[in-house]
Amino acid sequence: MKRIHLLLLALLALFAGAPFRAAAEDTFRDRVVIIPVGEDSLTSKQSFGFMNRILKRAQEEQARAVVFDLNTPGGLAWETSEMMMKSIQPLTIPTYAYVNPRAMSAGALISAACDKIYMAPVSSIGAAGIITSSGEEMDPVMRKKAESAFWAFTRSVVTEKGYRPEVVKAMMIPSDQDQQFGPVKLEKGALLTLTGKEAAARLEDGRPLLAQGTASSVTDLLTQEKVNAPVVTAEPTAFERIGLWIAWASPILILLGECDRHPEREPEIMDTLERHVRLFYQTFQRKPLEGGGAHD
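What this report covers is the structure whose coordinates are included nearby. (Residues numbered from 1 in each chain as written. Predicted model: local features only at pLDDT ≥ 70, side-chain atom pairs only at ≥ 80, totals over all residues. Heavy atoms only, no water.)

## A short note on the overall build of the protein chain
Secondary structure summary: the protein chain contains ten helices and ten strands in total. Per-residue burial for the protein chain yields a buried fraction of 47% across its 296 residues. In the protein chain, 68% of the contacts between residues at least 6 apart in sequence involve partners at least 24 apart. (Helix = DSSP H or I, 4+ residues; strand = E, 2+ residues; numbered from the N terminus. Buried < 20%, exposed > 50% of the residue type's maximum accessible area, 1.4 Å probe, protein only. Contact = heavy atoms within 4.5 Å.)

What follows is the structure, encoded as structure tokens:
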């Protein structure tokens with residue numbers, strides 16, 4: 001247990017200055033704004049506040065386009081719906097989702113709120129069923145109410161964007177019958193998840209099942225869309241970094257409490273702590289920690 005506390009102190013000392021470095025607020029005018037959506041980007045209200053601010057700036061400063069660079073398992077349902085309806089849908093500048101390599105759950109819904117979706121060559125999108133924050137099974141009546149409400153706003157957004165609403169619905173709500181979506185057969189009771197190739201498949205009407213196509217990178221996406229403009233990656237301000245840092249630090253304290261209560265789980269908790277710290281470092285330092293994998 002002592003070594004966990006020592007490790008924690010060392011890591012906090014290493015990263016303590018990261019949240020306080022102010023990001024340069026370059027103008028977005030005539031630029032392509034990249035919004036990275038990583039593993040934990042959709043799990044805190046602070047992250048949504050940052051993304052909503054960036055979208056507002058992009059509109060006000062007339063950015064050339066906005067690209068969501070997605071690699072996420074999902075996140076908060078209510079905040080996702082708010083961003084879809086109030087921040088993404090009203091934009092008059094082009095919006096693109098680049099699934100790189102996964103946009104699951106809330107990430108799939110954000111993708112479907114954009115004007116066009118592009119998939120990395122090896123990628124997946126879907127499985128957007130509603131779950132509780134604790135992961136527990138919902139009461140059947142509450143589930144029906146939640147699914148009805150979320151499908152209503154999602155349907156209005158995806159229909160406006162020109163997507164096939166039945167495809168997005170199959171990602172959110174399981175059917176009591178087998179379904180066929182282009183080359184994909186979906187068994188009853190299952191949620192739809194598409195590979196990059198499946199999502200970009202053209203059906204008999206000439207339209208894609210979901211995604212406009214595949215792209216090897218954001219640069220490739222912009223080339224295919226004939227968008228020739230400088231690219232800037234959105235960065236949080238100093239105060240936003242403080243809020244994000246607090247949101248990231250809280251789980252560490254929870255993990256330490258779990259280790260105190262269940263010392264037999266120390267190896268498992270150490271592994272979880274290490275993964276969390278690596279994600280923390282990548283978020284604020286924009287590069288992988290030594291020994292970790294790279295993150296595009």
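Moving on from the model shown.
## What to know about the environment of Val218
For Val218, the location among the structural elements is in helix H8 (residues 218-224). In sequence terms Val218 and Asn100 are 118 residues apart; their C-alpha atoms lie 9.2 Å from each other. Among all residues touching Val218, those that are not within four sequence positions of it are Ile34, Val67, Asp69 and Tyr98.

## So, helix H6 (residues 165-172)
Among the residues of H6, those classed as buried are Val167, Val168, Ala170, Met171 and Met172. If you follow the buried residues of H6, they end up packed against helix H4 (106-113), strand E5 (124-126), helix H5 (140-161), strand E6 (179-181), strand E7 (184-186) and strand E8 (193-195).

## Remarks on the packing of H5 against H6
Interhelical geometry of H5 versus H6 gives an angle of 150° and a closest axis separation of 10 Å. Relative to H6, the element H5 lies roughly antiparallel. Seen along the crossing, H5 lies across H6 with a hand that is right-handed. For the pair H5 and H6, the contacting residues are Glu147, Phe150, Trp151, Thr154, Val158 and Thr159 in the first and Pro165, Val168, Lys169 and Met172 in the second. Its residues assigned to classes, the contact of H5 with H6 comprises six nonpolar, two polar and two charged. (Axes fitted to C-alpha atoms, helices over the stretch in contact; angles between N-to-C directions. Parallel < 35°, antiparallel > 145°, perpendicular 65-115°, else oblique. Left-handed = near helix turned anticlockwise from the far one by under 90°. Nonpolar A, V, L, I, M, F, W, Y, C, P; charged D, E, K, R; others polar.)

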